Amino acid sequence: MDRKSTGLDQMQKLALRSASDSRCLVAELAETMAGTLEELDAAKQDKITGQAGQVAGFDKDGNLAAQSVVTMEQVNAAIDAAITGAIKEAY
């Protein structure tokens, strides 16, 4: 009977130690996650705002900046100018 009792005592001690180890592990994980979340929050990009029709791009320094939208009229004018200039050069 003592042998069974000793076996049960050992199992109870192991269970208590396992529970204690688990609590420590959970606490350590929670602390690590909290630190990671703080780092992510500090590194996140600010909210981007703008107006309808604007597009986002980057300035010469690599910072986010509103960019002008190129219209089809501007594209067609640039193509016409390039073709006209090429024709004048060729003749």
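The preceding data block contains the structure.
We now turn to the structure provided with this report. None of the values given here were measured: they were computed from a predicted structure.

**Points about the overall build of the protein chain**
Next, step 1: Each helix and strand counted, the protein chain has two helices and two strands in total.
Next, step 2: Going from N to C terminus, the protein chain has its helices and strands arranged as α-β-β-α.
Next, step 3: In terms of overall size, the protein chain is more extended than a compact globule, its C-alpha atoms giving a radius of gyration of 34 Å where 91 residues would be expected to give roughly 12 Å.
Next, step 4: Its C-alpha atoms give the protein chain principal-axis dimensions of roughly 115 × 30 × 25 Å.
Next, step 5: When the accessible surface of the protein chain is summed, it comes to about 8700 Å², and 58% of that surface belongs to carbon and sulfur atoms.
Next, step 6: The average position of the 9 basic charges and that of the 14 acidic charges among the side chains of the protein chain differ by 15 Å.

**Remarks on the environment of Thr36**
Next, step 1: Inspection of the secondary structure assignment puts Thr36 in helix α1 (residues 2-43).
Next, step 2: For Thr36 and Gly53, which are 17 residues apart along the polypeptide, the C-alpha to C-alpha distance reads 37 Å.

**Details of a nonpolar patch on the surface**
Next, step 1: A surface patch of nonpolar side chains, amounting to about 760 Å² of accessible area, comprises Val70, Met72, Val75, Ile79, Ile83, Ile87 and Tyr91.
Next, step 2: Locating Met72 in the fold gives a position in helix α2 (residues 72-90).

**Focus on the pairing of strand β2 (residues 64-67)**
Next, step 1: Pairing between strand β1 (residues 55-58) and β2: four bridges, direction antiparallel. In the sheet register, Gly57 faces β2, and the bridge partner there is Ala65.
Next, step 2: Here β1 hands over to β2 after five residues, with Gly62 in that stretch at a positive phi of 85 degrees.

**Points about the pattern of salt bridges**
Next, step 1: Counted by the stated rule, this structure contains two salt bridges.
Next, step 2: Across the salt bridge formed by Asp41 and Lys44, the nearest N and O atoms sit 3.5 Å from each other.
Next, step 3: Taking relative accessible area as the criterion, Lys44 reaches 56% and is therefore assigned exposed.
Next, step 4: Of the charged contacts in the structure, one is a salt bridge between Lys60 and Asp61, with a shortest N-O distance of 3.7 Å. The two residues Lys60 and Asp61 agree in class, both being exposed.

The rules behind these values
Residues numbered from 1 in each chain as written. Predicted model: local features only at pLDDT ≥ 70, side-chain atom pairs only at ≥ 80, totals over all residues. Heavy atoms only, no water. Helix = DSSP H or I, 4+ residues; strand = E, 2+ residues; numbered from the N terminus. Rg over C-alpha atoms; globule rule 2.2 N^0.38 Å. Areas by Shrake-Rupley, 256 points an atom, 1.4 Å probe, with all protein chains shown as cover. Lys, Arg positive; Asp, Glu negative; His and termini not counted. Charge placed at Lys NZ, Arg CZ, Asp CG, Glu CD. Patch = residues over 30% accessible without salt bridge, like charges linked within 9 Å, V, L, I, M, F, W, Y side chains within 5 Å. Salt bridge = Lys/Arg side-chain N within 4 Å of Asp/Glu carboxyl O. Pairing = 2+ DSSP bridges. Buried < 20%, exposed > 50% of the residue type's maximum accessible area, 1.4 Å probe, protein only.

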